[in-house]
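Architecture and fold: a report
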Amino acid sequence: MSDDLRLWTTDEQGQRVLRGLTVEQTEWYEEYTEKELAQRLGVSKPWATPEAFEADKARWKELNRTHELARAEVIHSDDNKRIAEEEAKPGYKKMKRRY
């Protein structure tokens, strides 16, 4: 399975997790995402009160930030590796940029 977006990884126990999150955090994140979609579509009202929804939303934002920062780090590292490999090839000419 391709993960071009670098969303997923495996933890030390070999379990599939969202990058930057634990198994528990990944499960909670995915459950919240499904519940929030159901609420938006009017299929169900999974939160008893607006306060409960806001508390979960705040946790989701925190986990999402952790996840996105971990993804960005891997993407940056992969890009640097790819660039270094290209520059190491025989005959590589660095382009002059005009800006």
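Predicted, not measured: the structure shown is a model, and the values here were computed from it. (Residues numbered from 1 in each chain as written. Predicted model: local features only at pLDDT ≥ 70, side-chain atom pairs only at ≥ 80, totals over all residues. Heavy atoms only, no water.)

Structural notes on unusual backbone geometry
Of note in this structure, Arg 6 is not a glycine but carries a positive phi near 60 degrees. Within the secondary structure layout, Arg 6 lies in the segment before β1 (8-10). Its relative accessible area of 22% is what places Arg 6 among the partly exposed residues. (Helix = DSSP H or I, 4+ residues; strand = E, 2+ residues; numbered from the N terminus. Buried < 20%, exposed > 50% of the residue type's maximum accessible area, 1.4 Å probe, protein only.)

Here's the deal with the environment of Trp 28
Tracing the backbone through its elements, the reader meets Trp 28 in helix α1 (residues 23-41). The class of Trp 28 is buried, set by a relative accessible area of 17%. Placed 65 residues apart in sequence, Trp 28 and Lys 93 show a C-alpha to C-alpha distance of 48 Å. Filtering out sequence-adjacent residues up to four positions away, Trp 28 remains in contact with Asp 56, Arg 59, Trp 60 and Leu 63. (Contact = heavy atoms within 4.5 Å.)

Quick notes on the packing of aromatic side chains
The description of an aromatic ring pair rests on the distance of the ring centres and on the angle between the ring planes. Under the defined criterion, the tally for this structure stands at five aromatic pairs. Between Tyr 29 and Trp 60 the ring centres are 5.6 Å apart and the planes differ by 25 degrees, which places this aromatic pair in the stacked class. With Tyr 29 in helix α1 and Trp 60 in helix α2 (residues 50-88), this pair connects stretches of sequence that are 31 residues apart. On the numbers, 5.4 Å between centres and 55 degrees between planes, the contact of Tyr 32 with Trp 47 is tilted. In this pair, Tyr 32 sits in helix α1 while Trp 47 sits in the loop between α1 and α2, placing the two residues 15 residues apart along the sequence. Within the aromatic cluster, the residues linked to one another by ring pairs are Trp 28, Tyr 29, Tyr 32, Trp 47, Phe 53 and Trp 60. When the ring centre of Trp 8 is taken as origin, the NZ or CZ atom of Arg 16, which lies over that ring, is 3.8 Å away. Sitting above the plane of the Trp 28 ring, Arg 59 keeps its charged end 4.5 Å from the centroid. (Phe/Tyr/Trp six-rings, centres within 6.5 Å; stacked < 30°, edge-to-face > 60°. Lys NZ or Arg CZ within 6 Å of the ring centre and 35° of its normal.)

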